Structure formats: C-alpha cells, structure tokens
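# A structural walkthrough
The chain contents come next:
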Amino acid sequence: MKTYICQICGDAYVGHEKPSDCPFCGAPSHFIKEGKEARPIVNEKIEISELSGRNLEEALGLELRANAIYLCMASKAKSYEIKAMYKRLAKVEMEHAVICTKLMGIAMPKVEDQLCSEDELENFKKTIELEEHATNLYTWFSKEAIEINIRVFFTALTQVESDHIELIKNYL
Ligand SMILES: [Fe+2]
Ligand SMILES: [Fe+2]
C-alpha cells in the first residue's frame, strides 16, 4: 500500500496503485503524486489577483449550485445506480467548492437548496448543460489566470467537468 496525494484538493488516497482520477475532486491521474512528492495547490498561500478572485467567486457559486442540484437529482433517481452516481457528483462539486474557499481564504457560504425535475432524462440533460457551462467557463478562467496555481486549478476542473459530461452521455 502507498499514500497518493492529489495536487488539486490535497486529499490522500491510500491504495496499491495510483487511481486513474482523484476519488475526491476527480482530477486526472497526472495530478496525483506519491506522498513525498506532492505539493497540493490548496496548501500554498498565494496572492490572488482581483480578476482571479472574481473568477473563483463565480466558480464557487457554480459548484455550490451544482452540489445542491445533484443532491436533488439523487433524491429523484429511479435506480440505486443513478442515486449513488448523483451523490458522488454532488460530493465532487462540494470538494471543488471547498478548494475555491481555501484558495480565496474565506469561510464556506451557506448552500441554498435547488429544484430539479421528477423526470430522469430531463435531469440528465440539465446536468450536461450545467457541466458544459462550467467547462467553457473554466477553460476561459484558466487562460485568464496570471497565478500558476489558479491556472492549474481551472485546468484540472475543466477536465473533471468535461469527464462528467462523458459520464452522463452514457445514460442517454
Ligand atoms: Fe483531488
Ligand atoms: Fe465542479
């Protein structure tokens, strides 16, 4: 067994092999390092520009909203698989929100409940819409960032949210 640490969320995964994606924030395997080598971006105190501050704030809002919507979708799911999948997505989005608050050095704001459809297909379509919006926005935010850690963060998130689109497409 070894300890692997995610460069994005800083969480440790203990296992026999490096996972293909971080089980907590979903970052792809190249962001996961063996314990000693890891320098997670959430642990580094950096000066954040006004622009990146605004972008992180917008990302935080999106992530919290996605978390609440996916919890709603989990509660409407017709099968255990879809319920469990949405609960996982909700946790991943909350992890992204936590990283935003750490990078900004602020407390976690209150999460407002969100509505969703009773219809599973509608919820899948809505999920793809949300993830496409996030992917496009984070691609832009990563280009805009002057701080390397913020660029790395948004690059990783772009990948994670676009992986979510692939996941949901399997169910359509
Ligand atoms: Fe992670
Ligand atoms: Fe996210």
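Residues numbered from 1 in each chain as written. Chains lettered and ligands numbered in written order. Predicted model: local features only at pLDDT ≥ 70, side-chain atom pairs only at ≥ 80, totals over all residues. Heavy atoms only, no water.

Before going further, it helps to spend a moment on the sheet that holds strand E2 (residues 12–15). Spatially, the three strands line up as an open sheet ordered E2-E1-E3, and their pairing is antiparallel. Two strands in the sheet have a free side with no partner beyond their single neighbour: E2 and strand E3 (32–34). Averaged over neighbouring strand pairs, the angle between their axes works out to 30° when direction is ignored. The pairing of strand E1 (residues 2–6) with E3 spans three bridges and is antiparallel. For Ile5, the partnering residue across the bridge sits in E3 and is Lys33. (Pairing = 2+ DSSP bridges. Helix = DSSP H or I, 4+ residues; strand = E, 2+ residues; numbered from the N terminus. Axes fitted to C-alpha atoms, helices over the stretch in contact; angles between N-to-C directions.)

Counting residues in each nonpolar core, the largest one holds 29 residues, and the members touching the most others are Ile8, Cys25, Ile99, Tyr138, Phe153 and Phe154. Taken together, the elements giving at least two residues each to this core come down to E1, helix H1 (50–76), helix H2 (80–104), helix H3 (120–144) and helix H4 (148–169). Take this core: its biggest share by element is five residues, from H4. Beyond its immediate sequence surroundings of up to four residues, Tyr138 is in contact with Ala59, Leu62, Glu63, Phe154, Leu157, Thr158 and Glu161. (Core = buried A, V, L, I, M, F, W, Y, C linked by side-chain atoms within 4.5 Å. Buried < 20%, exposed > 50% of the residue type's maximum accessible area, 1.4 Å probe, protein only. Contact = heavy atoms within 4.5 Å.)

Right, let's talk about the pattern of salt bridges for a bit. What the rule picks out here adds up to four salt bridges. The shortest N-O distance in the salt bridge between Lys126 and Glu129 comes to 3.6 Å. Of this pair, Lys126 and Glu129 both sit in helix H3, three residues apart, which is roughly one turn of that helix. Lys126 sits in the partly exposed class, given a relative accessible area of 30%. (Salt bridge = Lys/Arg side-chain N within 4 Å of Asp/Glu carboxyl O.)

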